[in-house]
Structure formats: structure tokens, C-alpha cells
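# Topology and contacts: notes
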Amino acid sequence: STELLLDLVRSATYAHRRQDPGLVAPAMIALAAGLDGMACYEESLDVLRTLERVARTELRPVDAVTATLRIARVERQLSRFDLAEAAYIRAGELATASRNPDAALRSHLGRANVLRMRGNLMEAEHLTQAVLADARNAGEQRAEAEAEHHLGVVLGTRGELHDAVPHFWRAFELYGKDDTAATFAMNDLGVTLSRLGATADAERALLYVLARNANRSNSQNAMIELMQCASFSRNRVGFERCRTLCERERAQMSPNILADYLLRLAIGLARFGHFDRADAELTRALQVAQTHQLHEFEFRIERIRAGLRNCEALDLTEHDEAAKPPAPGSELGAVCAALTSLTG
């Protein structure tokens, strides 16, 4: 935004006057975060790399850790997993050297995220469970929230959807409603509820995200999942409305979001009987997944392709217990009740 750029100019002027290039770090990191939030990943990375060149060894420990974690996140968003993992390891080393336990835990979570995106779900879960235990013992609430959140993602990826739901809700509560990260947890909760067939609850969660979140990638995910809910409910008008919104964002989608969109688009088209178009979108989705080594997407695409012309099989593939209401005394029922209370 303009305000971020103006702040950077002010910071650069002050840093030059003090002959201390490290003073420009907070403003540059904030600008990089803003670009990341708008899904401008290459631009965000360029700002961070420029900071490294300008400040060199003058960065304060906390800024060095924050910048390295941000670099790792952007590389992960771009599906450059080797570079992301190397940056997370470096961030962990910097955090340990500067006695920053929160950042050290977040670096481990980042590595777990990379493992998950590469398809190594067992190692991702083990590492996340270890971080969660360490965060609780250390009283690091933010790291605990992130670990709960990531554990939900790992379990959901493994198909253990009922177990994932309470982790997303606990993450939402630990983050706090005013924290942007809370909307990421709410988005993942909505996705999981959709896969369980609790479409009304899923839409409630996803609309909460769209109403409160300015992060572009998170909004994109919410739009894609609302499109999925509409196709599952055979709501053709809602499907086309969401598809149009997603198409406007397509050029700005990161590889993993684009692969997900094309996959969900194909499923929706198949549900409405457009099998040839669906197969073409699945081919595009597979190309994106293979190009960016998104192995988990490759497995899902091939599995769905096998049942493409059977809508009942498609519904069972994407939903654990389609349209079955949660039991009132279950954890799932408790979370849905809390969600209804929250969203009205």
C-alpha cells in the first residue's frame, strides 16, 4: 500500500542519517508481508533479498529471524521446497543463537509444512506434535496456535477429517478473533466441514472468512471452497458465481491454489454433466501439480480422474460422510454449535 511505501521512505531516510542500514528492516519486512498478503510472491521475495543485500551483517537478530522466516514462507508458497526448507533451517539456527524460542518453534512448523506439501505426512505429523508439546510447555501461545492449526491441516490431508476439526477450532480460539491468522484457521475449518458434507456449516465459516479477511490467498481459498459447496449442493447459479470470482483471481494464484482451483472446477463441471470440460481441467491441474512437485495433488487428481463419470463416486471421494449431520454430543457437533453462535 501507499502507507507502507511512505513508511519505507521515512525509514530509509532515518537509516541513512544514522548510517545504520539495519534500521530499514522493519519497514521492508512490513512491505514484503503486505505484498505476500496480496499474493505478489516474487515481489515480496525481491524486497526481502534487497534487504539482505542492503543491510548485510547490520540486521538485528530479531529482524534477521523474521526476514528469513518470511523468505522461507514465500519460497514455500512458490513451491520451491528445497529453498524453503533451507531458509527454515537457517531461521531456526538464527532463532536458537538469539534465544528466540517462538521463532525456533515456527521454523520447525515451517519445515513440517514443507514435508506435508511434499507428501511426507507421517514425518509432518510427528514434527508438528513435537512442536505443539514444546509450545505448550514453554507457554508460547502463538506457536501453540500455529501448531494446532498445522496439525489440523496434516490430519485433514490424511483424510482424518473428524480429528482435524477440533484442532482448527482450538487454533482459531488461541489466535484470537482479531488476528488475521484466525481467518486462515476458520478457512481450513470451512474446507474440512465441506469435505464432511456439513455444507451449511462450511458456508457459514467460509463467508466469515470473506467478510473479515484481506489476505488474497486466503480469500481465494474461501472462494474455491464455496464453489465446491455449490457444486456438491447442485447449485448451478452459485457454482457459476463462485467460478467467475475465481477466474478473476486465477492469474494471481500460487501454484498450490491454482492446482486446487482447477481440480475443484473439474469436479463441479463433472457434477453438472460436462465431462469433457472436466477432463480438460483435470489435465491442466495435473500439469500444474507435476511442474511444481505437488505430489499430494497428483495423487488426488489421479484418484478423482478414475471416478470422473460417476458423480456418486465423486461425492464420496470428496466427502467423508456426505450430508450426515454431526451428532449433538460429538466434538464435531460442539464445534458446529460454537460456529453457529459466532456467525449468527
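Please read these numbers as outputs of a predicted model, since none were measured by experiment.

## Observations regarding helix 5 (residues 81-97)
Counted at 1.5 Å a residue, the expected span for helix 5 with its 17 residues is 24 Å, and the 24 Å between its end C-alpha atoms agrees. Listed as buried for helix 5 are Phe81, Ala84, Ala87, Tyr88, Ala91, Gly92, Leu94 and Ala95. Along the axis of helix 5, the buried residues cluster in a sector spanning 165°; they form a single face. Opposite the buried face of helix 5, by more than 90 degrees, sit the exposed residues Asp82, Thr96 and Ala97. Contacts from the buried residues of helix 5 go to helix 4 (61-77) and helix 6 (101-117). Of the residues trailing helix 5, Arg99 is marked for its positive phi of about 55°.

## Regarding the packing of aromatic side chains
Here the structure, examined in full by the defined rule, presents three aromatic pairs. Where Phe172 meets Tyr208, the ring centres are 5.9 Å apart and the plane angle is 75°; that geometry is what we call edge-to-face. Placement of Phe172 in helix 9 (residues 161-175) and of Tyr208 in helix 11 (residues 199-212) is noted, with a sequence separation of 36 residues between them. Overall, the relative accessible area of 4% leaves Phe172 in the buried class. According to the relative accessible area criterion, Tyr208 is buried, its value standing at 5%. Site record: aromatic cluster; members linked through ring pairs are Trp169, Phe172 and Tyr208. Its end group placed over the ring of Phe272, Arg236 keeps NZ or CZ at 4.9 Å from the ring centre.

Cut-offs used in this document
- Residues numbered from 1 in each chain as written.
- Predicted model: local features only at pLDDT ≥ 70, side-chain atom pairs only at ≥ 80, totals over all residues.
- Heavy atoms only, no water.
- Helix = DSSP H or I, 4+ residues; strand = E, 2+ residues; numbered from the N terminus.
- Expected span 1.5 Å × (residues − 1).
- Buried < 20%, exposed > 50% of the residue type's maximum accessible area, 1.4 Å probe, protein only.
- Arc of directions from axis to C-beta.
- Contact = heavy atoms within 4.5 Å.
- Phe/Tyr/Trp six-rings, centres within 6.5 Å; stacked < 30°, edge-to-face > 60°.
- Lys NZ or Arg CZ within 6 Å of the ring centre and 35° of its normal.

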